[in-house]
Each structure stands twice: as structure tokens, then as C-alpha cells.
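# Tertiary structure, described
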4 protein chains.
Amino acid sequence: MRRNLITGGMGLIGRNVAKQLVADGERVCLFDSRGELPPDAEDLEGKVEILVGDITNWAHVVEAVRESDPDCLFHNAAVLLAPLERDPAMGFRVNLEGTFNVLEAARLHGVGQVMFPGSRSTFGPASPEVVFDDTRQRPVNMYAITKLSGELLGEYYGRRYGFDFRALRFPVVIGVGRQLSPPISDINSMIEHSIAGRPFVSTLHPDVALNLLYVKEAVRAFIRYRDVDGSRLSRKTYNIKGINLKPAELVKVLERHLPRVDIRFDPDESEAARELRKAMSKQMDESLAQKEWGWQPEYPLEETVKDFIAELGRDG
Amino acid sequence: MRRNLITGGMGLIGRNVAKQLVADGERVCLFDSRGELPPDAEDLEGKVEILVGDITNWAHVVEAVRESDPDCLFHNAAVLLAPLERDPAMGFRVNLEGTFNVLEAARLHGVGQVMFPGSRSTFGPASPEVVFDDTRQRPVNMYAITKLSGELLGEYYGRRYGFDFRALRFPVVIGVGRQLSPPISDINSMIEHSIAGRPFVSTLHPDVALNLLYVKEAVRAFIRYRDVDGSRLSRKTYNIKGINLKPAELVKVLERHLPRVDIRFDPDESEAARELRKAMSKQMDESLAQKEWGWQPEYPLEETVKDFIAELGRDG
Amino acid sequence: MRRNLITGGMGLIGRNVAKQLVADGERVCLFDSRGELPPDAEDLEGKVEILVGDITNWAHVVEAVRESDPDCLFHNAAVLLAPLERDPAMGFRVNLEGTFNVLEAARLHGVGQVMFPGSRSTFGPASPEVVFDDTRQRPVNMYAITKLSGELLGEYYGRRYGFDFRALRFPVVIGVGRQLSPPISDINSMIEHSIAGRPFVSTLHPDVALNLLYVKEAVRAFIRYRDVDGSRLSRKTYNIKGINLKPAELVKVLERHLPRVDIRFDPDESEAARELRKAMSKQMDESLAQKEWGWQPEYPLEETVKDFIAELGRDG
Amino acid sequence: MRRNLITGGMGLIGRNVAKQLVADGERVCLFDSRGELPPDAEDLEGKVEILVGDITNWAHVVEAVRESDPDCLFHNAAVLLAPLERDPAMGFRVNLEGTFNVLEAARLHGVGQVMFPGSRSTFGPASPEVVFDDTRQRPVNMYAITKLSGELLGEYYGRRYGFDFRALRFPVVIGVGRQLSPPISDINSMIEHSIAGRPFVSTLHPDVALNLLYVKEAVRAFIRYRDVDGSRLSRKTYNIKGINLKPAELVKVLERHLPRVDIRFDPDESEAARELRKAMSKQMDESLAQKEWGWQPEYPLEETVKDFIAELGRDG
């Protein structure tokens, strides 16, 4: 029975990876500073081991690796964009020192494989509209800088110490229970309010597509990529594209599936909002992932919305 | 009188920047884990303040910034390529945590300007033969990864907290007193043995050019760039090209200036040596530095060798 | 207007010190990992500055000291006994590194005075029934070890760098809103249930006195001691005695003040419980504090209970 | 074959423990920031494993424990009194964080036994002339504070995690090759100059006894104590007394063994010197060590001097 350790295991990607691995009959240990499973993951109770610890405290990390003795370590623990813009020093501690702690603990314990979620944001605002795996990365915020450093440090540690580090660059990941900051959180809100039959006014632009990834797609990519034979891979880090979601299209899909959808748009036209939309509209080319390890997405917009509605219905 | 703090102040670039600044009538404080000036910098005795400290100990860094209250902080402290390949964990501590300590101390104290030496190695082995300022950087060793992270963190901190961070990417820097690892150290050795009239056998290839930068050129670039009006700059980090030195040409120059030069080549043709030569032969385009802030190099090969000989004569 | 910085400012002692200082017309800044004032301190809203930060992150600590520029820094941030027994490594980080960060930040910024809450537990289980200021301290749990180290480091830093460090050793502090572990929490529970008119069964022994300190008394001692002329002091750390509370006596007092008190005792006679009772029954002699700086307690058992009832009534 | 790891293995006690263990047929691994064996320990070359690392870098410590997989870990790495008075922040990092790293690494790896050198200085200047194992400890300098904290943390970790932590409190240890600060270094100087037939003037008082321990005695105590059956021990930390050496008596002993001794005294009567002499004249009672685990010293003054002379002769 394969053993997995997931840092940041209570986070959106972490707990959804856990659900899938448990369903696949694997053992899973969640490491997180929070000890409580969030509502949408309460079914994991009793099916996973939970280790409460601080990723910046090396003794906690080494202990977690020893306790769980994983074949594969998913290193998901990270603070996201918005809190790091308020507090960059936390980003150095949690995202960079945390990654150092994990990589050192992995190599010292002899963990065979480390999986890491990279980020589209590492390409930066000066990148072209479509970025390829080898497009220049020039991150300009603390989150993106720590994600690029994590990619590079992980690839280096894997080569240097002989373990199998693999990373996937994700767009912003959406899913039930995600704590996002506005206006990205509008996507979740549009779905949730429509299910509840409540009206919602969004500050997004209805016709500017946002590049997003449904969490179940991220989970599929992560696990598929984890398991593929390394001899097929030309590199260690691949782009995953996700979907291009125009808010107006989301409304149409919601209207097909829900009785009462009342969404209006009042686009924020401030410079910051425009820049964020521009950054969010960039998309990653994933043809290499498709070609080299057979990646095929299964959650286009329609499927994403249907599943999202089903999941929210289940929790409610 | 302008005040400068130089971390890694006993290192090759640090002490040579100090010499120039002192000659220019500025105040200089050197922060280093070593308390003794090396032989080629003994003339700085009494002309600079020396603070012994550990860049990984934040209290030392904050204290140094408080004590020296600098207008400009040159953050040169770093462990170089070879020792980091033996000990990557040291690289995280010294190069990454050290840079975090410096950037936080600078912003907390309100330092106006931070200068940082980047590295050509950040472009990585997959880069083209000539790299431009905006060429993709994909570093693959611990030193280069920490240098790219330093560039990105510095640019971010400068934007975020409103101070003037500026970086220059240098090729390998040579100069009197430099501790390099073979075979790069062969360049220094060829000059030093020829001055002493002793024979020397190099494992370098005589006809494969190496891209190098004479320390005095690095100092000129650093100080010129520090002082240029920021409104002329389109970015915060620029390439500095240096010279392309074929070992065989170096021999010819040495023969023009020294009575007895006896250098033979026995090129190391191992794969590692070939790769290193390939990496070292790449060159950076510096046309943007020339155009935007009027950078003009003054140490072509002939001048470099002449000055090197003069400096070695002075110390001996 | 005197300026105060309180680390752990959302904690029981911290927020109650803040209330008194605000009432006295002083400026107060609270530093804590939590950003929300607890219910019993909501009246501080708008009257104090709140800085959210991590005591183990030096940049947060230095920034807090710079922002608040305090005349006096109360260093209350610490993890308590029970969580540290589960996780000693957290104790090293929060209690020891946190104290180092605070002491270094204080001396680097030139803070004039640092106040520190020590602990009776530093005397250890082998100490006599009554301990004096100079009785041997031999702590045997992580909390107590870090508290003794804090006393010693603080006294040292004060001497070494010329600031006024002062510490008071407190027994277990009780008060409204305190999160304690059983069976100590029984004290709070007995009062709270009696106010609500609900029955309660305690595992304490009715006739074994526990040495406790009411938080308002701790606040009085802290502020009185902060303000006393240093020339009157023979040392930097003093014992504060508190009250010896027999649970059975508490019941009698409660019966005098509340209409319906229904408390029964079912003493836990396990070895661990007996040892804890023994440790809690030890008392500190405070005659030196009384003699040297005129300390006089004002909250004997009756007053403590009356005030506790009044405070709980206010919040409810 | 028993395996030992010695942190600070190049230090005076560390390398002499190594010599004895190697002579006893045990395996020894030295961990130190210095990679070179000092002259008086060059005979260890090839007989011990040497790991170069930084005690403040947890990854180095964990790696050393993994590499050497010790039955017994001697944690000797520490910065001494004089440098810590100049730089207390270094003391926190090296002595306290270093000890935390070692204790956590030991428990995480399952090391059975950890030996720790405590210090007489932990008793502090206010202690009586003769201190017993249970005399109050009130250290007042950074070195002594970190040594007491080390004792307490070690005892706690041993109890908490079930390994066998044992400590011995030593007076100042003397021996060939020791780097001490004046005036304590006068003891070494008196012997060395007399062997060389050179005159020496000491600032010590000829008739004030100093409490010292010869390094070979320290080694004997450490190894004897390591091996004794734990059931005989009433505690984990014991005093070791050493010898009371009056400088004038040392001269007499030297005169019995060397042809030409020319030592004069010009006592430093400054307050600092008097205080240091007073501190150094205090002695520890070791009767418990003698009674409980059969400790018997074998190096009275005469033997210490004879052996010291023999050792210096060997190296010279």
C-alpha cells in the first residue's frame, strides 16, 4: 500500500489529493498547522492520519517524514498571494524555509518522490498571452517568487540527491471551500449564490476570460503525473492549462443547471483590477504534458460547474 | 560624505569596491565573518570600519545596518559555486537567508539603496551562446539558484518598500587574491606563475574562450550604476559582459609583458570539464547597460593582464 | 504619553495590562499572532493599536518595536505548559527564540524597559513548600525551563546593554476568558457554572489549597513594579504570591454571593493528579517585593470571586 | 563496536575524548565547523571520521547523526565565555539553538545516550565557596546561562523522549592546545614557557587557588560516567571537582620537574580581575559522583603537571 505525506494537507489541493488517494486505496498522512478537517473533507475522518505541525519548524517536518515514511511527499504547504503581499516576511519563512525544510527532510530520510505545485504566476506580468513550458519566468510578487524558487530548488535537490522531484505549474485553482480574495472569489460566489437562489453582483468583467483550474482536474494531473514512467519525461516541471472562463459564459452554464440565476456585472475598472484581469487571462500551453505523459483534461467549463454544484449540494 | 555598508566586505569584489569608494572620499563599513583584511587590501587598514558578524544571524545584520547607517548597502556576502555543490544547505542559509536578513534590515532601517551582484550562471546551461537582459534564466546549481532568487527578492523588496534595489549580473570575476576552484583558477595561476618565471600546465582548452570579468571592471560598473539617475533605467538588473578570454591569447599577452612565460595546455576532456567550459564560454550582451546608463568597459584583455601584473608586483 | 508594546497582547495578562494602561491614559500597542480582541477585551477596540505578527519571525518583532517605539515593552508572548508538553519543539521556537528576538530588538532599538512574566513553576517539583526569591530553581517541564531561561537571558541582556529588565514570578493566573487545561480550569468552571446556576463536578481535592493569582492582581503588580524607582531594588526578579485557594472555600464564597451553587468534588487520585496538586499547592514568599517596592495585594479570595462574578456578568 | 558522535569534536575536550575512545577500540565521528585536526590530535588522522558542519544548521546536525548512527552522542560544541561576552547573539545561536538541534536530532533518530559538559559557572558569582550538586544555580553571563539551559533542556528531552541524557559540570578545563583568554591562559603559559626555559610574568595572584580540571581527568569522568549503570544514579547531572591550584604551588611543582623555571607574579588588582579570581576559586563538591558511580580522580596537581609536560614534549 503506497504511503503519501501531504504538507498543507488541509488546503484545497491537499485535501482533494487525499480524497482521491484514499479512494485509490493508498495511505495518506496530512501535515498541517490546522488540526481540523474542513467541512468539505470531513469524510476523510478516520481514513487519513493527521499530524499537526509548523512547516517552518524543522523538527516538526522531520518528525512528520519519519512518522509517515512516505513513498511520495506532496509539498503543498504555502501561503497564497494576498496574505504575502501584506506580509512578505511570512512568505520567506513559510514558502521558502518551509520548502527547504521539506527538501532536506526528504533527502535525509530517503523519500523517493516529491511532488510540488508550481504556479502560472511565476511567468510574471511581462510574459506573452500564451506561455510555454520554457517561456521565461519573471515573477514580481512574493508568492510567485517563492513558487519559482521552489521549482528550482526542488529540481536541484532531486538531481543532487537522487530523488524524483516533479512539479506542475497550475493556474489559480478553484473548488468548494476555497478561501480566495476578491475578485477571484467572485467565481465561487457566483456559483454559490446561484445555488442558493440569491442575486449576486460581480466586479469581474463579463467578457474577459480568466484562466482557472478546477481542483479535481489539478488532482487528476498531480496523480497522473506522479505515476508516469520517468523515462518518458524531458523535464521535471510542466504547465497545466486549465480552462478559460468568461464570467458571462459561466452565467449561461449556471442557467442551464439551476432554476434561479440572478447575476449582474459591475466591472471594477481601476488600474489594479485591470492588471489583475490581464494577469489572470494569460494561459499556459500544456501540449508537452499531453504529449509526453498523456495528460488529458476532463473538466471543461460545463463539467466543472456541474461537479461544483453537485459538491456544494452534498455539503449543504 | 556618503556612507556605504558592504556585506562580504573582505571578498574580492567587496574589498575592491571599498578601495574605490575610499579613494573617492566616501565612508565605508565592511561586514564580514572574517575580521582580517587580506594581503591585497591591507591598505584599507584604518580607512574603513570593520564589523565582524554572521550574515545568517539577523541581529548581526540589523546591528551592522544601525551602526553604519548607510546611504548605500552593497550586499556581496555569498558562498560561491564549488562549496555550495558540496553543501547546498549552507547555500540556503548564507545566500538566501542572508539576503532575506539584509533586505529586511534595509527596509526596516530605511536604507535608500541596495546593490547586488547577480550572476551569469543564473541563465543556466540550456541558454543560448549570447544571453540578453531578458533571456530566460533557468539556473541548475545552488549558487545560481540563490543568485536568481536574490535578484527577484531584491527587486520585489525595492518595489514593495520603496527603496532603490539595483543588481548587475557578472560573469566569473577574476582578480588578485581570488580563491577560485580549478580549472577557473588556472587563469590566475597562469599569470602568477608567469610573473614568478615558473612553468605551468593548464587543463583548460587553449582555444575555447572563457567569459570573465576583471574585478576592477566589476567595481567600475557597480559604482557607475549605483550613481546613475534612476529615471534613465528601464529595469533594475542589467548584464555586464566582461571579456572573452582564450587561454592561448592570454599566453600571447603575457609574453608581451613578461620575460619568461612557460605555459602548456593539457586540456581536460572529461564530460564535466567540457560542460564547464561550455557554460563559461557563454557571454552576456550588455548593450542595454551601455545604452541606458552609459556603461563603457575599460579593461579589455591587454589592460586586464597589465593591471593584474602591476597589482601582483605591488603585493609581492 | 507613555508608550507600551505588549507581545502576546491578546493573552489574559496582556490584554488586562492593556486595559489598565489605557485607563491610565497611556498608549498601548498589542502584538499577537491573533488579530481579534477576545470578547472580554472588546472595549479596547479603537483604543489600542494592534499589530499582527509572529514572535518567531524576527522581522515582525523588529517592525513592531519600530512602529510602536515603546518606553516599555511587556514581553508576554509564550506558549503555556500543556501545549508545550505535547510539542516541546514549539516551546523552543516561541518561548526561547521569541524571547531572544524581543531582547535583541529591544536593545537594538534602545527600548528603556522590558517587563517579563516569570513563573512559580521554575522552582520545580523538588522545591520546598514555600519558596523565596533566592530559592533554588530546578524546572522540569518545557514551559518552566523556557521561563527560567527568559529570566536569566533578560537579566543578562539588561545588564549587558544597559536597559531596565524586570521580571515577576507569577503562580498560575486565573481570570475571565482564560483557556486553561483541566483540572486547573475547574476553578473557572466552578465560578462560571455557579453564576449560570448549573451544577458542576470537579476532580480537584476540596481541601488541598492551590496557589493562584487573579489576573487583576498580576496587572497591579506588573504596573506597580514597572514604575518603582530602580534604586530601591536589590534584584531584577521578584516572587508574587497570589492566594491559596482551597476549592471547598471557594464554594463557600460562591454561596455567599450567588443564589444557586451546586458543586461536588470527585477528586482524581491518580499519581499525575496528585503531583499536579502538590506542585500547585506550593507558594512563593513575596516579602521582598512588599519590603523593597511596597507591593500590597488587594485581591484576597473574597474580592477575587466578587470581581470575577462582576466581570462575567458584564460580558454575558 | 560502539559508535560515538562528538560535536565540537576538534575542541579540547572533544578531541581528547576521541583519543580515549579510539584507544578503547570504539568508533568515533567528529562533527565540527573546522575540518583540520589540531597539532596535538594529529594522531587521530585516519582513525576517526570527520564531518564538517555547522551546529546551527539543523540539516548538518541531522545528517551527522544519520551518518554516524551513534550509540552515544557527546554534545561538546559551544562557544566559550570570552567570545560570548563580545557577542551574546552568537551564544543564542550556537549554544542554545545548537543544543536544540542536537537534542531534536538525537530523539528523532533514536540515539540512546547524550553526554553534555555543564559548567561550574552556572552556579554564578553569588554562590557559596563550595557548591554541591543541588546548590542554587544563578548564572550571570551568556556562556553560563546557555550551559544551565543545556542541562535543563537535556534532562527534559531525555525524560520526555526516553533517552539517557547525562551531564557533568566541569570547572575551567586546561590542557595542551587550549585557547583560553588571559589571565586563565597564564596557567598554560607558565607551563609552556618553563618547558622552553623562558621567563614569564603572570598577572594571577600567587596564593589565590583556582579551581581547574585537567582535560584527561575530564575525559576519564565523561567516559566513566557514560558507562555506569543508570540504576545507581539519583540524578542526571553531577559536579566534578578538579583541582585547586595556587599559582605559587604550580611554580614549585614545575621546579621539581624542569631545569629552568623563571616565573614572577605581578597580580592584576583591578576589580574585574579580583572578581574573576573569586569566581575561579569556587569549587564544586563531587562527593555524590564519588559515592553514586564510583568516581575517583587520578590527576592531582603533580600528575597534571607531569603529564602536561610530557604531552607538550611529545608535540614539540
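Just so we're clear, the structure is a prediction, and the values are computed from it rather than from any experiment.

Let us now look at the overall build of chain A. Secondary structure summary: chain A contains 11 helices and 14 strands in total. For 316 residues, the compact-globule formula gives about 20 Å, and the C-alpha radius of gyration of chain A, at 19 Å, lands near that figure. In terms of overall dimensions, chain A has a C-alpha envelope of 55 × 45 × 40 Å along the principal axes. Burial status across chain A gives 52% buried among its 316 residues.

Our focus in this paragraph is the confidence of the model for chain A. A residue-level look at chain A finds 99% of positions with pLDDT of 70 or above and a mean pLDDT of 95. With pTM at 0.96, the complex prediction returns an ipTM value of 0.96.

Moving on, we get to the domain arrangement of chain A. Residue and element names in this part refer to chain A. On domain assignment, one finds that chain A holds domain 1 (3-173 + 213-239) and domain 2 (175-212 + 242-281 + 298-315). The centre of domain 1, based on its C-alpha atoms, is set 26 Å off from the matching centre of domain 2. The interface of domain 1 with domain 2 comprises 17 residues on the first partner and 18 residues on the second. Counting only elements with at least two residues in the side of domain 1 that touches domain 2, the list comes to helix 1 (12-23), strand 8 (172-174), strand 10 (210-214) and helix 7 (215-227). At 4 residues, helix 7 tops the list of elements feeding residues into the side of domain 1 that touches domain 2. Here the residues of the side of domain 1 that touches domain 2 are counted per class, giving 11 nonpolar, 1 polar and 5 charged.

Turning next to the environment of Phe170 of chain A. Residues and elements named next belong to chain A. With respect to the helices and strands, the residue Phe170 is situated in strand 7 (residues 164-170). For Phe170, a count of 25 C-beta atoms within 10 Å translates into the label buried. Distance in space between the C-alpha atoms of Phe170 and Pro117 is 6.7 Å, their sequence separation being 53 residues. If near-sequence neighbours (up to four positions away) are discounted, Phe170 is found in contact with Pro117, Gly118, Ser119, Arg120, Leu213, Ala218 and Ile240.

Moving on, we come to the sheet that holds strand 8 of chain A. All names here are of chain A. Ordered by their spatial adjacency, 3 strands build an open sheet running 8-10-12, and the pairing between neighbours is mixed. Of all the strands in the sheet, just strand 8 and strand 12 (243-245) have a single pairing partner and so form its edges. Strand-to-strand twist in this sheet, taken as the mean axis angle between neighbours without regard to direction, amounts to 55 degrees. Sheet topology note: the strand 10/strand 12 ladder contains 3 bridges and is antiparallel. Following the sheet pairing, Leu212 is matched in strand 12 by Ile243. Here helix 7 sits on the sheet and contacts strand 8 and strand 10; the angle it forms with strand 10, its principal contact strand, is near 65 degrees.

Counting from both sides, the interface comprises 18 residues of chain B and, opposite them, 18 residues of chain A. Breaking the side of chain B that touches chain A down by element, the ones donating at least two residues are helix 4 (88-109) and helix 5 (142-161) of chain B. No other element matches the 7 residues that helix 5 of chain B contributes to the side of chain B that touches chain A. Of the residues belonging to the side of chain B that touches chain A, the class tally is 12 nonpolar, 2 polar and 4 charged.

With that settled, consider the relation of the copies chain B and chain A. With an RMSD of 0.0 Å, the fit of chain B onto chain A corresponds to turning through 180 degrees and sliding 0.0 Å along the axis. A rotation of that kind, with that shift, is consistent with a two-fold axis. The position closest to the rotation axis in chain B is occupied by the C-alpha of Arg136 of chain B, lying 2.1 Å away. Looking at the interface residues of chain B, 100% of them are also at the interface in chain A, so both copies use one shared face.

A few words on the relation of the copies chain D and chain A. The transform that puts chain D on chain A rotates by 180 degrees and translates by 0.0 Å along the axis, for an RMSD of 0.0 Å. Same-surface contact between copies: 100% of interface residues of chain D are shared with the interface of chain A.

All names here are of chain D. The sheet built from 7 strands is open, its strands ordered 3-2-1-4-5-7-11 with parallel pairing. Whereas interior strands pair on both sides, the edge strands pair on one side only; in this sheet they are strand 3 (49-52) and strand 11 (237-239). Direction aside, the axes of adjacent strands within the sheet are offset by 20 degrees on average. Looking at chain direction, strand 1 (residues 3-7) and strand 4 (residues 72-75) are connected through 4 bridges and run parallel.

On to the packing of helix 2 (residues 58-68) of chain A against helix 4 (residues 88-109) of chain A, then. Residue and element names in this part refer to chain A. In contact at an axis separation of 9 Å, helix 2 and helix 4 are set at 40 degrees when each is read in the N-to-C sense. Judged by the angle between their axes, helix 2 and helix 4 are oblique. Here the hand of the crossing between helix 2 and helix 4 comes out right-handed. Residue-level inspection shows Trp58, Val61, Val62, Val65 and Arg66 of helix 2 in contact with helix 4, the latter providing Asn101, Val102, Ala105, Ala106 and His109. For the contact of helix 2 with helix 4, the residue count by class is 7 nonpolar, 2 polar and 1 charged.

The next subject is the interface of chain D and chain A. Taken together, the contact pairs 7 residues of chain D with 7 residues of chain A. Broken down by secondary-structure element, the contributors of at least two residues to the side of chain D that touches chain A are helix 2 (58-68) and helix 4 (88-109) of chain D. The element best represented in the side of chain D that touches chain A is helix 2 of chain D, accounting for 5 residues. Partitioned by chemical class, the residues of the side of chain D that touches chain A number 4 nonpolar, no polar and 3 charged.

Residue and element names in this part refer to chain B. Tracing the backbone shows Val208 in the loop between strand 9 (200-202) and strand 10 (210-214). For Val208, a count of 17 C-beta atoms within 10 Å translates into the label partly exposed. Each residue touching Val208, except ones within four places of it in the same chain, is listed here: Lys246, Arg277 and Ser281.

Calculation rules
Residues numbered from 1 in each chain as written. Chains lettered and ligands numbered in written order. Predicted model: local features only at pLDDT ≥ 70, side-chain atom pairs only at ≥ 80, totals over all residues. Helix = DSSP H or I, 4+ residues; strand = E, 2+ residues; numbered from the N terminus. Rg over C-alpha atoms; globule rule 2.2 N^0.38 Å. Buried ≥ 20, exposed ≤ 12 C-beta atoms within 10 Å, placed from the backbone. pLDDT = per-residue confidence, 0-100. Domains from an automatic or database assignment. Contact = placed C-beta atoms within 7 Å. Nonpolar A, V, L, I, M, F, W, Y, C, P; charged D, E, K, R; others polar. Pairing = 2+ DSSP bridges. Axes fitted to C-alpha atoms, helices over the stretch in contact; angles between N-to-C directions. Least-squares fit on C-alpha atoms with pLDDT ≥ 70 in both. Parallel < 35°, antiparallel > 145°, perpendicular 65-115°, else oblique. Left-handed = near helix turned anticlockwise from the far one by under 90°.

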